[in-house]
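If you want the building blocks of each chain, they are given just below.
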Amino acid sequence: MMFTLYRMEKSGASSTDNREGAAKRVRVLLPLPLAGPYDYRVPPELPVIPGDFVQVPLGKQVRIGVVWDPIDTSGYPAANAVDDSRLRDIEARLGTPPMTEAMRRFVDWVAAYSMSAPGAVLRMAVSIPEALTPGRPRIVYRLAEMIPDYRETSARTRVIDVLRDGPARGVNDLAREAAVGAGVVRALAGIGVLDAVEVFDDVPLPQPDPTLPGPELSDAQAEAAADFVDRVEASSFSVALLDGVTGSGKTEVYFEAIAKALSAGRQVLVLLPEIALTAQFLERFEVRFGVRPEEWHSDVPRARRRRVWRSVADGRARVVVGARSALFLPFRELCLITVDEEHDLSYKQEDGVIYHARDMAVVRARLEGVPVVLVSATPSLETVNNVKQGRYTRLHLTARHGGAELPAISVVDLRRDSPERQSWIAPRLREALTDTLKAHEQSLLFLNRRGYAPLTLCRACGHRLECPNCTSWLVEHRFQGRLNCHHCGYFTQMPTSCPECGAEDRMTACGPGVERLAEEVGALWPEARVELMTSDTIWSPSAAADIVRRVQAHEIDILIGTQLVAKGHHFPNLTLVGVVDADLGLGGGDLRAAERTYQLLHQVAGRAGREARPGHVLLQTHHPEHPVMAALVSGERDAFMRAEAEQRKLGNWPPFGRLAAIIVSGSDESDVDSVARLLSRNAPQTQDFKVLGPAPAPLALLRGRHRRRLLVRTTRSVRIQDRLQTWLASVRSPNAVRVQVDIDPYSFL
Ligand code: ADP
Ligand code: ZN
């Protein structure tokens, strides 16, 4: 066993490794939203190299930063342009493994692309600052060099034998291996037979075993897997799209690539869009490789994340599965990234540094010189276009594993076959649910709306209950007994009288949310076991895992859920999917509304009939002739995507043109308006750079801030960031007004 020692070298102490000859003045990037790195003096006794984590003074504080690269590599001038005599000294160098060059270039790249401060991006890469410093040391015991005379017992002899054959061990491990009590070990240390040593290592991690047998792959699966294995072996940048119908075994296929990476002794990053999906992934991984991979997302306790960060940095953690932020982990020997459900919207980070994790995964793979595999049953138009352009290679799985049929999809035309008043399940869907229950099979009712009702109004005066901070209706959550704003977290009690006209008991719920649907289901099939799966009921991967387990054990007959149920889950006995409002995502004028709706509904539909029993799907819609519904019914995905692409191309919308959104926000509406107008007046309007707006953002008021939006559309050849930079710099705005840039916007809030 090797101990990694995380020591800290202080200035003034002597240094042992060969960092001599380094520059006397270096730039240090701090994880703060500053304009650029700061210059510091390097004390002769504390040489540093780019990537080293160092402690430096900043004002009256001490900060941890990373020694950055000279300007010709990183491109940044120093933010503190002082002459040598006024430079401050680097105070200490941390023993943390230096940040790799690929990682530093990645930070630079994301900062430049997203137009964020490089320090703000660095902060994502050191999101757990305590991971940079050693934790409390662990005490391990080894045999003393000079063993004094002592009284021998068989227990003591066993301890000594264990240590003679192996490395130093902690008291518990030692006691267990020698089959003695901990007191025996301590006593031996007390009389000087054992030496207690402090080590700053983290414990070794159990390693996934790539030699365990995987399932026997079908020909098509084997072909795709072989391609991925070749890519991993080639160990150079490439992008592959694994395009396979739901249930075709995409996970099994990319597991083969992971196995290859593991046998090469290197590291793998698996991105998943939704933490609710990780539980199932962890289990499948364990079945395949014997141990669980490391997990990284906001739900993992901080102390645990600290350990994961460190074990990724020193190479002990081999496979990490995580949400988009895992992209900023300090891998040393990365050799593969996979992005599952690559089309998923939750890969877009909307606050702070705004970035798209799928796109940045491709960037990181390029900078690391490793392959990236994008996985989806409904690839995004961006990715489809990259395949068409020959930039990405597509591998295709056209059939479900084990001969399972794809579900039959049909529409329920709500204009003819409509539900009764104040109910949402049309007669045809009702019959199908009854039949499914009779057949002892399971159903899924999908409605992408949390809460009880999306709108509450007064029947006396028509007043609608609205959030005081946002342009949005308050959503009734009956289980919680309150009204919530889904944008800012505001909530309030349901009033008994109208706040506008004072009428008593006239407040009425309008439209359905999943809770209301559950009420209807309960009334129609009182004997059925019904469960809700939404982000209100599932707040942790283990809660998600529990519901998944109960569905799989057939403890639930009808599952009702929002988009959370659409994703990835494998429910063998689920044969009916009813989409309560298939039109829900189509309104709103979003550029990607049709694509998104198609992807979401296709994914929900894919939950049906995944094993022996065939599945069917009913889509309740007012627009059966809409191209999205038509494509879902006919299964002609590619034709639908081609038509989408044609439309986007005509308007020069992404992925054919570039788009950026500029959101101007502030608490004073007239300030916001004047900045937005000024921006518009100064806009560099040219053929290839079109500025649209300003217009009130669809959420014109969000969390108490007024918002105006400008959209910039350019051709692909334009370096949009450069132009934006010049333009935005030409407009001065008061401090209270914020101008935020979103490159490649996805959300049109
Ligand atoms: P997808 O991700 O494409 O929807 P999965 O990888 O979840 O598909 O596979 C669907 C189910 O089929 C899983 O239970 C998986 O274990 C199983 N499966 C897929 N391929 C094989 C195979 N070659 N042998 C055995 N089981 C398989
Ligand atoms: Zn609100």
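About the cut-offs
Starting afresh in each chain, residues are numbered from 1 along the sequence in its written order. Going through the entries in the order they are written, you letter the chains from A and number the ligands from 1. Two thresholds apply to this predicted model, a pLDDT of at least 70 for residue-level local features and 80 or more for giving and counting side-chain atom pairs, whereas whole-chain, interface and lining totals are computed over all residues. Each side-chain value is derived from all of the structure's non-hydrogen atoms; neither hydrogens nor water enter the calculation. Numbering of helices and strands starts at the N terminus; helices are DSSP runs of H or I of at least 4 residues and strands are runs of E of at least 2. In this setup the radius of gyration rests on C-alpha atoms only. A globule is expected at 2.2 Å times the number of residues raised to 0.38. In this analysis, two residues are considered to be in contact whenever any of their non-hydrogen atoms come within 4.5 Å of each other. Here, the term nonpolar core denotes a set of buried Ala, Val, Leu, Ile, Met, Phe, Trp, Tyr and Cys residues that are joined through side-chain atoms within 4.5 Å. Burial status follows relative accessibility: with a 1.4 Å probe on protein chains alone, a residue under 20% of its type maximum counts as buried, one over 50% as exposed, and anything between as partly exposed. At least two bridges found by DSSP between two strands is the condition for calling them paired. Lines fitted to C-alpha atoms define the axes, with helix axes restricted to the stretch in contact, and inter-axis angles between N-to-C directions lie between 0 and 180 degrees. Each metal's donors are the N, O and S atoms found within 2.8 Å of it, except that Na, K and Ca use a 3.2 Å limit; water is left out, so coordination can look incomplete. Tetrahedral means four donors with every angle between 85 and 135 degrees, whereas square planar (four donors) and octahedral (six donors) require angles over 155 degrees between opposite donors and between 65 and 115 for all others; sites fitting neither are termed irregular. Two rings belonging to Phe, Tyr or Trp (six-membered ring only in the last case) form a pair when the distance between their centres is within 6.5 Å. Interplanar angles under 30 degrees mark stacking, angles over 60 mark edge-to-face geometry, and anything in between is tilted. Being near a molecule or strand, for a residue, comes down to having at least one heavy atom within 4 Å of it. A 3.5 Å cut-off defines polar contacts: any pair of N or O atoms within that distance qualifies, except that in protein one atom must be a possible hydrogen donor and the other a possible acceptor, and neighbouring residues in sequence count only when both atoms are side-chain atoms. Computed by Shrake-Rupley with a 1.4 Å probe, the accessible areas treat only the displayed protein chains as cover when residues are assessed. Under the scheme applied here, ten amino acids are nonpolar (Ala, Val, Leu, Ile, Met, Phe, Trp, Tyr, Cys and Pro), four are charged (Asp, Glu, Lys and Arg), and all others, including Gly, are polar.

Draft legend 1. A look at the overall build of the chain. Within the chain, the regular secondary structure consists of 21 helices and 32 strands. Computed over the C-alpha atoms, the radius of gyration of the chain is 29 Å, within 12% of the 27 Å expected from 2.2 N^0.38 for a compact globule of 749 residues. By its C-alpha atoms, the chain is 95 × 70 × 60 Å across when sized along the principal axes. In the chain, the share of contacts with a sequence separation of at least 24, taken over all contacts with a separation of at least 6, comes to 76%.

Draft legend 2. Representation of the nonpolar core. With 76 residues, the main nonpolar core has Phe328, Leu724 and Trp727 as its most contacted residues. Sequence-distant contacts of Phe328, defined by excluding residues within four places in its chain, comprise Met103, Phe106, Val110, Val121, Met124, Ala125, Tyr355 and Arg364. Ala276, Leu574, Tyr598 and Leu632 belong to the second-largest nonpolar core, a separate cluster that totals 40 residues.

Draft legend 3. Broad picture of the sheet that holds strand 11 (residues 294–296). Spatially, 11-12-10-13-16-9-17 is the arrangement adopted by the seven strands of the open sheet, whose pairing is parallel. In the strand order of this sheet, the two ends are held by strand 11 and strand 17 (393–397), each with one partner. The mean inter-strand angle of the sheet, taken between neighbouring strand axes irrespective of direction, is 20°. Strand direction decides the pairing type here: strand 10 (residues 267–271) and strand 13 (residues 334–340), joined by five bridges, are parallel. When the sheet's bridge partners are listed, Val268 is paired in strand 13 with Leu336.

Draft legend 4. Geometry of the coordination of the zinc ion (ligand 2). At the metal site, the zinc ion (ligand 2) is ligated by Cys467 (SG), Cys470 (SG), Cys485 (SG) and Cys488 (SG), and these contacts range over 2.3 to 2.4 Å. Each of the four donor atoms bound to the zinc ion (ligand 2) contributes to angles spanning 106 to 116°, and the resulting shape is tetrahedral.

Draft legend 5. Examining the environment of Ile191 more closely. Positionally, Ile191 belongs in the loop between helix 6 (182–190) and strand 8 (194–199). Residues Ile191 and Tyr150 lie 41 residues apart in sequence; the distance between their C-alpha atoms is 7.7 Å. Sequence-distant contacts of Ile191, that is, excluding residues within four places in its chain, are made with Pro148, Tyr150 and Arg156.

Draft legend 6. Layout of the packing of aromatic side chains. Following the criterion strictly, the structure yields twelve aromatic pairs and no others. Ring centres of Phe106 and Phe328 lie 5.2 Å apart, and the angle between their planes is 35°; this geometry places the pair in the tilted category. Remark: Phe328 occurs in the loop between strand 12 (319–322) and strand 13 and Phe106 occurs in helix 2 (residues 101–114); sequence separation between them is 222 residues. Overall, the relative accessible area of 0% leaves Phe106 in the buried class.

Draft legend 7. Structural detail: helix 12 (residues 381–388). Those residues of helix 12 that fall on the buried side of the exposure criterion are Leu381, Glu382, Thr383, Asn385 and Asn386. Immediately downstream of helix 12, the backbone of Gly390 shows phi near 85°, a positive value.

Draft legend 8. Region of interest: the site of ligand 1. Among the 16 residues in the neighbourhood of ligand 1, the closest are listed as Glu216, Gly247, Lys250, Glu252 and Arg284. Within the contact set of ligand 1, an oxygen atom lies 2.7 Å away from a side-chain nitrogen or oxygen of Arg284. Summarising the interface, the protein chains cover 80% of the accessible area of ligand 1, which totals 560 Å² for the free molecule. Across the shell around ligand 1, the residue classes break down as three nonpolar, eight polar and five charged.

Draft legend 9. Inspection of unusual backbone geometry at higher detail. Cis geometry marks the peptide bond from Pro654 to Pro655, where omega comes out at 5°. Relative to the helices and strands, Pro655 resides in the loop between helix 19 (637–651) and strand 29 (657–666). Residue Pro694 is reached from Gly693 by a cis peptide bond, and omega for that bond is 10°. Tracing the chain through its elements places Pro694 in strand 30 (residues 689–702). Residue Ser235 is not a glycine yet carries a positive backbone phi of 55°. Using a relative accessible area of 30% as the deciding quantity, one classes Ser235 as partly exposed. The backbone of Asn652 sits at a positive phi, close to 60°, despite the residue not being glycine. The topology assignment puts Asn652 in the loop between helix 19 and strand 29. Residue classification places Asn652 among the partly exposed positions, given a relative accessible area of 26%.

Draft legend 10. Main features of the side chain of Ser423. The residue Ser423 is located in the loop between strand 18 (408–413) and helix 13 (427–438) in this model. Since its relative accessible area comes to 14%, Ser423 is described here as buried. Only 2.8 Å separates the side chain of Ser423 from the backbone oxygen of Glu420, close enough to count as a polar contact.

Draft legend 11. Inspection of the sheet that holds strand 30 at higher detail. Strand order in the open sheet formed by four strands is 30-31-29-32, with antiparallel pairing between adjacent strands. Edge positions in the sheet fall to strand 30 and strand 32 (738–743), since each has one partner strand and no second. Mean inter-strand twist for the sheet, computed between neighbouring axes without regard to direction, equals 20°. With six bridges connecting them, strand 29 and strand 32 associate as antiparallel partners. When the sheet's bridge partners are listed, Ala661 is paired in strand 32 with Asp742.

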